[in-house]
Amino acid sequence: MKAVFLDFATVGSDELDVSSLRAVTSELTVFDNTSAGQLAERIAGYEFVYLNKVKMTRDIIADAGSLRFIGLTATGVDNVDTEAAKEHGVAVCNITAYCTNSVVEHVFAVLLQLSHSIGRYHRSVRAGDWQKAMDFCMLGYPIRELSAMTIGIVGYGELGKGVARIAKAFGMQVIVSRRPGSHDTGDDRVDFRELLKSADVVSLHCPLTDDTRGLIGASELALMKPDAILINTARGGLVDSSALTMALTNGQIAAAAIDVLATEPPVDGDPLLDYSGDNLIVTPHIAWATVEARQNAIDEVAANARAFLQGNARNRVV
């Protein structure tokens, strides 16, 4: 049996070990990237296909006569036609909980930077302001303790629960949103709009669906506190970039940390990329990407493939 990894550059580098994948099949071919035009040729004759973002369409799956297993190095499977895979007897497996620590640490890294004005003070010192100060310290920017803040979590799966756990360790009050549009009162979750009004920090961890696209727009930002911080490590389409840029410009909210944009890479630009204020942190979709998390992803795909060969349905989507 032979396996091919189609887009290793999206998860890998020289620092990652693929020996767990090599141990599953007799042969492993690795490509850094694969274009749509190269895809059919590259999977021809391979039983196992590993990928992250490459699109496996109905036509591609139907024409891949040897294909038995598709292993994703991601939780989302929207780039694979799962119905076609089912029809053609192709197993599809995703991975879960491989990057929880990475995402949670990123959330609190940016939250601490913004709540303690670390970047502002650093730039001020580099500009020579401390040398000219009248007192031993400078207090020109706000510094807030997390223990005095309420964090509102939208999306309470693996990642949301991980953030809640660390937030409680910092002494933060944690509130969790009901699904937007839900009126279920049978638990201790709060209405989404009430969460926006109450939270000092809003952290997004929900999937991008028809119900959540544009979840945070102008009207939602208007509900938030003027000293609130918005963090998005989920999906870029959850937040209206233009509305957020305007809210940051006008002081409608205090700050934001954005790790994801609606289009990635943002080849056509994005309003947040043009914003120059120091109350915004934009990172290039790296919250998930510690070395440890990426190695976990590789090893989890290998474990799924081994389980498939043994007749076990580990992380089977199809």
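Residues numbered from 1 in each chain as written. Predicted model: local features only at pLDDT ≥ 70, side-chain atom pairs only at ≥ 80, totals over all residues. Heavy atoms only, no water.

## Points about the overall build of the protein chain
Helices and strands together make up the secondary structure of the protein chain, namely 12 helices and 11 strands. If one aligns the C-alpha atoms of the protein chain with their principal axes, the spans along those axes are about 70 × 50 × 40 Å. Here the protein chain, with 318 residues, has 47% of them falling under the buried criterion. Across the protein chain, every contact between residues at least 6 apart in sequence was considered, and the portion connecting residues at least 24 apart equals 65%. Of the roughly 15700 Å² of accessible surface on the protein chain, a fraction of 49% belongs to carbon and sulfur atoms. Of the side chains in the protein chain, 28 bear a positive and 39 a negative charge, and the two mean positions are spaced by 3 Å. (Helix = DSSP H or I, 4+ residues; strand = E, 2+ residues; numbered from the N terminus. Buried < 20%, exposed > 50% of the residue type's maximum accessible area, 1.4 Å probe, protein only. Contact = heavy atoms within 4.5 Å. Areas by Shrake-Rupley, 256 points an atom, 1.4 Å probe, with all protein chains shown as cover. Lys, Arg positive; Asp, Glu negative; His and termini not counted. Charge placed at Lys NZ, Arg CZ, Asp CG, Glu CD.)

## Observations regarding the sheet that holds strand S2 (residues 27-30)
Two orientations exist for strands paired in a sheet by backbone hydrogen bonds: parallel and antiparallel. In space, the 5 strands of this open sheet follow the order S2-S1-S3-S4-S5, with parallel pairing throughout. Edge positions in the sheet fall to S2 and strand S5 (91-93), since each has one partner strand and no second. When strand polarity is set aside, the average angle formed by the axes of neighbouring strands in this sheet is 15°. As judged from the 4 bridges shared by strand S3 (residues 48-51) and strand S4 (residues 69-72), these two strands associate in the parallel manner. (Pairing = 2+ DSSP bridges. Axes fitted to C-alpha atoms, helices over the stretch in contact; angles between N-to-C directions.)

## Things to note about the pairing of strand S1 (residues 2-5)
By the bridge criterion, 4 bridges tie S1 to S2 in an arrangement that is parallel. Each residue of the ladder has a partner; that of Lys2, found in S2, is Glu27. With 3 bridges joining them, S1 and S3 adopt parallel strand pairing. Following the sheet pairing, Phe5 is matched in S3 by Tyr50.

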